[in-house]
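Overview (structure and organization)
Listed below are the residues making up each chain.
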Amino acid sequence: MTVIGGGIAGLCAAIAARRSGAAVLLLEAAPRPLRGGNARHGRNFRLTHETPQAYVPDRYTADELRAELRSVTGDGTDQVLTELLIERARSIADWLIEHGVHLQPPGTGVMPYSRRTAFPLGGGKAMINALYVAAERLGIVISYDSEVTSLCHDDDGWTISVRSATTDRAISTRSIVVCAGGPGADLAWLRANFGSAAEGWMVRGTPYSDGRLLDLLIAAGGRAIGDPTMCHVVPVDARGPQFDGGIVTRITSIPLGLVVDRSGARIDVAGAGSQPTHYAKWGPRIAACPGQIAYLVLDTQGLARAAPSALAPVTAPNLGELAAALQIDPTALLQSIEDFNAAPVNATRAIAAPPFAAYPMRPGLTFVHYGIKVDATMRVVQADGRRHDDLFAAGMIMAANVLRRGYLAGLGITLSAVFGQIAGEEAARHVRG
């Protein structure tokens, strides 16, 4: 059998299938140094637990996860898949540990206390590397720089056309698990669905998650699910790379300062507050700004409280020089700050103590709420309701079955790992006959 995609979903599918007795080929479009998909940038994953563990404090129950999922996704979510996700969220940490992933003890590092999520020691890349070691040890064949260009089905199974830097080849396989991510890194696709404003966006994850496999599945009769005009977008440093900036370019210190657009006018988001999820509300607001750019302005006290960032802020000894460095009208900026400081609610976080700092921000796309429909065995559902017994999908390419809208911190890795495991087990069961 063949797994397409070498991120967390593909690795979990390949390992689960191999442990279930199948011979497995894993095709990864990225070169080896960039393997791992968006999970390379992952920081934590969500899990349920009734008691404290070595890697997570207190307790976080299935009922709590269920209620929080319902609060962000609303109606229309596939309840069978949601319950599968909740059920397996109990065992995901043990499964990862069994396959070589080390988890960070609570209270260490710079990340805040969390009873809802666990943190891989060394971050997402260390987690991915550990799973690749486990896959190689199990005898899974891994092919890098392998872009799938077509899928053809007949009575004997599937033929996969694969393009690499040196050759094109055809692979015959008895079953396929597609774990190649969604269409978020295809800039033409983003412009078609979000308009010209998307040209100012940045893609937080891998450029290899370009939606080509989703197109192939739909062309083969698969049923699309979700809304291609809905996405999860957050503020990121505008000076970061257009692709692959990951978690380290996200700007999380907005509650400590003031946000202005490129004219110097203050902008705000109703209800964003200072909760850890405030960034998910600010992303769409910045996307709506002229030029899709905004600036977070901090004084020295706000900057001292800000979380570490990958890029140093723009700094200046006074607000006039800061405005000049940002190419903002100084009169408008000073007026926005004066109005901000005059509001009683901002008395404890006035922008007053020099030197001053600013972060230029753009919308950073995390994922799109659009993908392929699957059933409870991760088999791809066709537009006519039928399904191939030998075609499966897992990870963010099918996440819209559960995440029609909204997001919960750490859910992407959990969803991908859980559904990857199920897809691998079911695909191996099919191959074994």
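Going by what an unreviewed UniProt entry lists, the protein chain is known as FAD-dependent tricarballylate dehydrogenase TcuA and is assigned to Rhodopseudomonas palustris. In its Cofactor (unreviewed entry) section, the UniProt entry covering the protein chain states "FAD".

The number of helices and strands found in the protein chain is 12 helices and 17 strands. Rg of the C-alpha trace for the protein chain: 23 Å, near the compact-globule value of 22 Å for 433 residues, within the 12% margin. For the protein chain, the spread of C-alpha atoms along the three principal axes comes to 70 × 50 × 40 Å. When each of the 433 residues of the protein chain is scored for burial, the buried share is 55%. In the protein chain, once contacts between residues fewer than 6 apart in sequence are set aside, the share between residues at least 24 apart is 75%. Accessible surface for the protein chain amounts to roughly 17800 Å². Of this, 52% is attributable to carbon and sulfur atoms. When the 40 basic and 39 acidic side-chain charges of the protein chain are each reduced to a single mean position, those positions are 3 Å apart.

Ordered in space as β6-β7-β8, the 3 strands form an open sheet in which the pairing is antiparallel. Strands with a single pairing partner mark the edges of an open sheet, and in this sheet they are β6 (147-154) and β8 (168-173). Here the average twist between neighbouring strands, direction ignored, is 20 degrees. Two strands pair when backbone bridges link them, and strand β7 (residues 157-163) and β8 are joined in this way by 6 bridges, in the antiparallel orientation. Bridge assignment links serine 161 to a residue of β8, and that residue is alanine 170.

Relative to the helices and strands, alanine 170 is located in strand β8. Those residues within four positions of alanine 170 in sequence are excluded, and the remaining contacts are Thr159 and Ile160.

Residue pairs three or four apart in sequence face the same way in an α-helix, which turns once every 3.6 residues. The end-to-end C-alpha separation of helix α12 (residues 411-432) is 31 Å, in line with the 32 Å expected for 22 residues at 1.5 Å each. With respect to burial, α12 is a largely interior element, 18 of its 22 residues being buried. A positive phi of about 90 degrees marks glycine 433, the residue just after α12.

This model, assessed by the stated rule, comprises 18 salt bridges. In this structure, the salt-bridge partner of lysine 373 is aspartate 78, at a minimum N-O distance of 4.0 Å. Within this pair, whereas lysine 373 is found in the loop between β15 (356-372) and β16 (379-381), its partner aspartate 78 is found in the loop between α2 (62-73) and α3 (79-88), the two being separated by 295 residues in sequence. Here lysine 373 matches aspartate 78 in class, with each residue buried. When salt bridges that share partners are traced, they join Arg46, Glu68 and Arg116 into one network.

Time to look at the packing of α3 against α12. Contact geometry of α3 with α12 gives a least axis separation of 10 Å together with a crossing angle of 100 degrees. Our classification of the angle between α3 and α12 gives roughly perpendicular. Of α12, the residues touching α3 (which contributes Leu81, Leu84, Leu85 and Arg88) are Leu411, Thr414, Leu415, Val418, Phe419, Gln421, Ile422 and Glu425. Taken together, the residues that form the contact of α3 with α12 break down as 8 nonpolar, 2 polar and 2 charged.

On to helix α11 (residues 330-342). Counted at 1.5 Å a residue, the expected span for α11 with its 13 residues is 18 Å, and the 18 Å between its end C-alpha atoms agrees. Those residues of α11 lying buried are Leu333, Ser336, Ile337 and Phe340. Take α11 and look down its axis: the buried residues cluster within an arc of 95 degrees, on one side only. Structural note: α11 exposes Thr331, Glu338 and Ala342 on the side pointing more than 90 degrees away from its buried face. Against β12 (258-261), β13 (294-298) and α10 (319-326) lie the buried residues of α11.

Analysis parameters
Residues numbered from 1 in each chain as written. Predicted model: local features only at pLDDT ≥ 70, side-chain atom pairs only at ≥ 80, totals over all residues. Heavy atoms only, no water. UniProt positions renumbered as here; feature names shortened; annotations may be inferred. Helix = DSSP H or I, 4+ residues; strand = E, 2+ residues; numbered from the N terminus. Rg over C-alpha atoms; globule rule 2.2 N^0.38 Å. Buried < 20%, exposed > 50% of the residue type's maximum accessible area, 1.4 Å probe, protein only. Contact = heavy atoms within 4.5 Å. Areas by Shrake-Rupley, 256 points an atom, 1.4 Å probe, with all protein chains shown as cover. Lys, Arg positive; Asp, Glu negative; His and termini not counted. Charge placed at Lys NZ, Arg CZ, Asp CG, Glu CD. Pairing = 2+ DSSP bridges. Axes fitted to C-alpha atoms, helices over the stretch in contact; angles between N-to-C directions. Expected span 1.5 Å × (residues − 1). Salt bridge = Lys/Arg side-chain N within 4 Å of Asp/Glu carboxyl O. Parallel < 35°, antiparallel > 145°, perpendicular 65-115°, else oblique. Nonpolar A, V, L, I, M, F, W, Y, C, P; charged D, E, K, R; others polar. Arc of directions from axis to C-beta.

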